[in-house]
Amino acid sequence: MSGIVIVGTQWGDEGKGKIVDLLANQMDIVARYNGGNNAGHTVVNGEEAFKFHLLPSGIIYPHIIPVIGSGVVVDPEVLIYEMDGLEARGISTKKLKVSSNAHLIMPYHKILDGLAEKKLGKYAIGTTRRGIGPTYADKAARSGIRVQDLLDMKIFKVKLEHALREKNRILTKVYSQKPVDLNEIIEKYASYAERLKEHIADTSLLVNQALSEGKNVLFEGAQGTFLDVDYGTYPFVTSSSPIAGGACTGLGVGPKKINYVLGVTKAYVTRVGSGPFPTEQKNEIGEKMAEIGVEYGTTTGRKRRCGWLDIVLLRYAAMINSLDSIALTKLDVLSQFESIKICVAYEYEGKVYETYPPHQTIFHKATPIYEEMKGWKEDITQVKDYQRLPRAARNFIKAIEKWVGVPVEIIAVGPRRSETIFPHGRDFLPLSSSSIFKEKVT
Ligand code: GDP
Ligand code: IMO
Ligand code: MG
């Protein structure tokens, strides 16, 4: 049995897609456990690029069973669009399983997401406007509609009627908008039901059975630790649990089934949307990071805010997620900097904080305390062997390992599969040998 979690340790877009793709070859199942199509995971396989929003990034391997867990919110229109896109590229989606307990994103969720953001004005969260927050809110309020409701359109209609009594009042009375039409939604969702019914399953049973048969299951997180609804920079967060613990609730597996947690960390930090970001560089340094790192959102195309690596946050992420190791991505982007800064603590009103401050106001207003390191100013994208990295780059990695207390097992020096270094060898994951043999990724 081997349950491996891949989790973002920052504010999302750390390069989870690349790392999932890299390891998926050795897995039997790749399962998404949280979020929805607010996510954008890029996989570059040879010269081909794939952008996944809802489908698990492992789906391009024919042997993988891709799973969408109950912790995910599903926009069926987007799901079918993404499946059709892959089929058109010759990639089968036949094996996809979608949890019957996952909640459906409905048309009114998307409209309300946009309206709520508009109403907030300068306090807006900067959501992706994909209906994520309103769908999770209905789930918690017990008025959501689930994927399994697509299997019985009579029940679906009753639930929708009930929902629309409230949603249409909000749309018309609070926001002076047009109401949404019951029959139009039923017609659309009935066609989605036809298409998706063969994929709807008890995914918790599937994953648990696979684990007890000694299979390898990779739990793919979306977003990142500081977008977590409980532990992130609330309210500037998403509405799900991207942290490693979210894999248990989002897929219906017990914590003892998780053998390994791999945290994906960008060598600097980016953030899309609003919210505090102590190491943000609103200057030519940030511009340079965005330009070299091509920091534009995969989902909304928005420019990502950029800043230096923040060890205080990373240490907190290591604790919250019980990280076994780190996959450090986009190290190549730092190759063009003369010197590199790492935030090791914050200062606020004369007090130094080496750990995540207990009050968000402190975090919001804190001044980072940096350690400055020499850059390497050398192209590293072709380096395959850790010892061949420039000394300054190795020092940067060693400093992270020392300050966070977690080893770096993967170093990404480019978006492609081949642009990866395994500093201590490839066999660091506790993989189950009873799994079907797969070739190692080269
Ligand atoms: P995710 O949401 O965590 O999967 O990350 P995204 O896919 O949204 O953003 C990461 C971007 O960086 C994608 O365009 C990747 O192809 C790219 N990427 C991943 N790793 C590396 C790397 O090591 N170097 C460079 N230059 N790009 C990378
Ligand atoms: P991946 O999986 C980066 C951000 C949005 C916004 C906040 C809330 O690609 O790392 P939401 O639409 O979820 O209600 O928006 O969360 N956000 C992401 N930022 N990467 C993501 O996913 C994100 N998913 C949501 O920009 O600030
Ligand atoms: Mg992304």
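Keep in mind the model is a prediction, meaning the values are calculated, not measured. (Residues numbered from 1 in each chain as written. Chains lettered and ligands numbered in written order. Predicted model: local features only at pLDDT ≥ 70, side-chain atom pairs only at ≥ 80, totals over all residues. Heavy atoms only, no water.)

Looking now at the site of ligand 1. Inspection of the region around ligand 1 gives 19 residues, with Lys 16, Gly 17, Gly 40, Thr 42 and Asp 332 positioned closest. Within the backbone of Glu 14, an N or O atom sits 3.1 Å from an oxygen atom of ligand 1. Contact distances for ligand 1 include 3.1 Å between an oxygen atom and a backbone N or O atom of Ala 412. For ligand 1, whose accessible area on its own is 590 Å², the fraction buried by protein is 91%. Where the shell around ligand 1 is concerned, the elements lending two or more residues are helix 1 (16-24) and strand 3 (41-45). For the shell around ligand 1, the per-class residue count stands at four nonpolar, eight polar and seven charged. (Near = heavy atom within 4 Å. Polar contact = N/O pair within 3.5 Å; in protein donor to acceptor, adjacent residues only side chain to side chain. Areas by Shrake-Rupley, 256 points an atom, 1.4 Å probe, with all protein chains shown as cover. Helix = DSSP H or I, 4+ residues; strand = E, 2+ residues; numbered from the N terminus. Nonpolar A, V, L, I, M, F, W, Y, C, P; charged D, E, K, R; others polar.)

Surveying the vicinity of ligand 2 reveals 20 residues, the closest of which are Asp 13, Lys 16, His 41, Thr 128 and Thr 238. Within the contact set of ligand 2, an oxygen atom lies 2.7 Å away from a side-chain nitrogen or oxygen of Lys 16. The separation between an oxygen atom of ligand 2 and a polar side-chain atom of Asn 38 is 2.8 Å. Protein contact buries 97% of the 550 Å² of open area that ligand 2 shows by itself. Inspection of the shell around ligand 2 shows a minimum of three residues originating in each of domain 1 (2-94 + 202-421) and domain 2 (103-198). (Domains from an automatic or database assignment.)

Reading across from one edge, 9-7-5-2-10-1-11-15-19-20 is the order of the ten strands in this open sheet, with mixed pairing throughout. Looking at which strands have only one partner, the edges of the open sheet turn out to be strand 9 (200-201) and strand 20 (420-421). Set on the sheet, helix 1 makes contact with strand 1 (2-8), strand 2 (29-32), strand 10 (216-220), strand 11 (260-266), strand 15 (325-329), strand 19 (408-412) and strand 20; between it and strand 1 the angle comes to about 160°. (Pairing = 2+ DSSP bridges. Contact = heavy atoms within 4.5 Å. Axes fitted to C-alpha atoms, helices over the stretch in contact; angles between N-to-C directions.)

Now for helix 3 (residues 107-120). The end-to-end C-alpha distance of helix 3, which contains 14 residues, comes to 21 Å, matching closely the 20 Å that a straight helix rising 1.5 Å per residue would cover. All buried positions along helix 3 are accounted for by Pro 107, Tyr 108, His 109, Leu 112, Asp 113, Gly 114, Leu 115 and Glu 117. At its buried positions, helix 3 is contacted by strand 8 (103-104), helix 4 (132-140), helix 5 (153-174) and helix 6 (182-196). Once helix 3 ends, the next one or two residues include Gly 121, with phi positive near 55°. (Expected span 1.5 Å × (residues − 1). Buried < 20%, exposed > 50% of the residue type's maximum accessible area, 1.4 Å probe, protein only.)

Further remarks concern the state of the cysteines. In the structure shown here, the tally under the stated rule is zero disulfides. Unpaired in terms of disulfides, Cys 306 finds its nearest cysteine sulfur in Cys 343, a separation of 16 Å. (Disulfide = S-S within 2.5 Å.)

With that settled, the discussion passes to the packing of helix 5 against helix 6. Where helix 5 contacts helix 6, the axes come no closer than 11 Å and their chain directions differ by 145°. Here helix 5 and helix 6 pass one another in a crossing that is right-handed. On helix 6, the residues that touch Met 153, Phe 156, Lys 157, Leu 160, Glu 161 and Leu 164 of helix 5 are Leu 182, Ile 185, Ile 186, Tyr 189, Ala 190 and Ala 193. Across the contact of helix 5 with helix 6, the residue classes break down as ten nonpolar, no polar and two charged. (Left-handed = near helix turned anticlockwise from the far one by under 90°.)

Within the fold, Arg 271 resides in strand 12 (residues 269-271). For Arg 271, which is buried and forms no salt bridge, the nearest opposite charge comes from Glu 280, at a distance of 8.1 Å. Polar contacts involving the side chain of Arg 271 include one to the side chain of Thr 233, which spans 3.1 Å. Separated by 2.7 Å, the side chain of Arg 271 and the backbone oxygen of Pro 276 make a polar contact. Beyond its immediate sequence surroundings of up to four residues, Arg 271 is in contact with Trp 11, Leu 227, Thr 233, Phe 236, Pro 276, Phe 277, Arg 304 and Arg 305. (Lys, Arg positive; Asp, Glu negative; His and termini not counted. Salt bridge = Lys/Arg side-chain N within 4 Å of Asp/Glu carboxyl O.)

Another aspect to go through is the coordination of the magnesium ion (ligand 3). With distances of 2.0 to 2.2 Å, the protein atoms coordinating the magnesium ion (ligand 3) are Asp 13 (OD) and Gly 40 (O). Of the two residues, Asp 13 is situated in the loop between strand 1 and helix 1 and Gly 40 in the loop between strand 2 and strand 3; the sequence distance between them amounts to 27 residues. We classify Asp 13 as partly exposed; its relative accessible area is 21%. Residue classification places Gly 40 among the buried residues on the basis of a relative accessible area of 11%. (Donors = N, O, S within 2.8 Å, 3.2 Å for Na, K, Ca; no water.)

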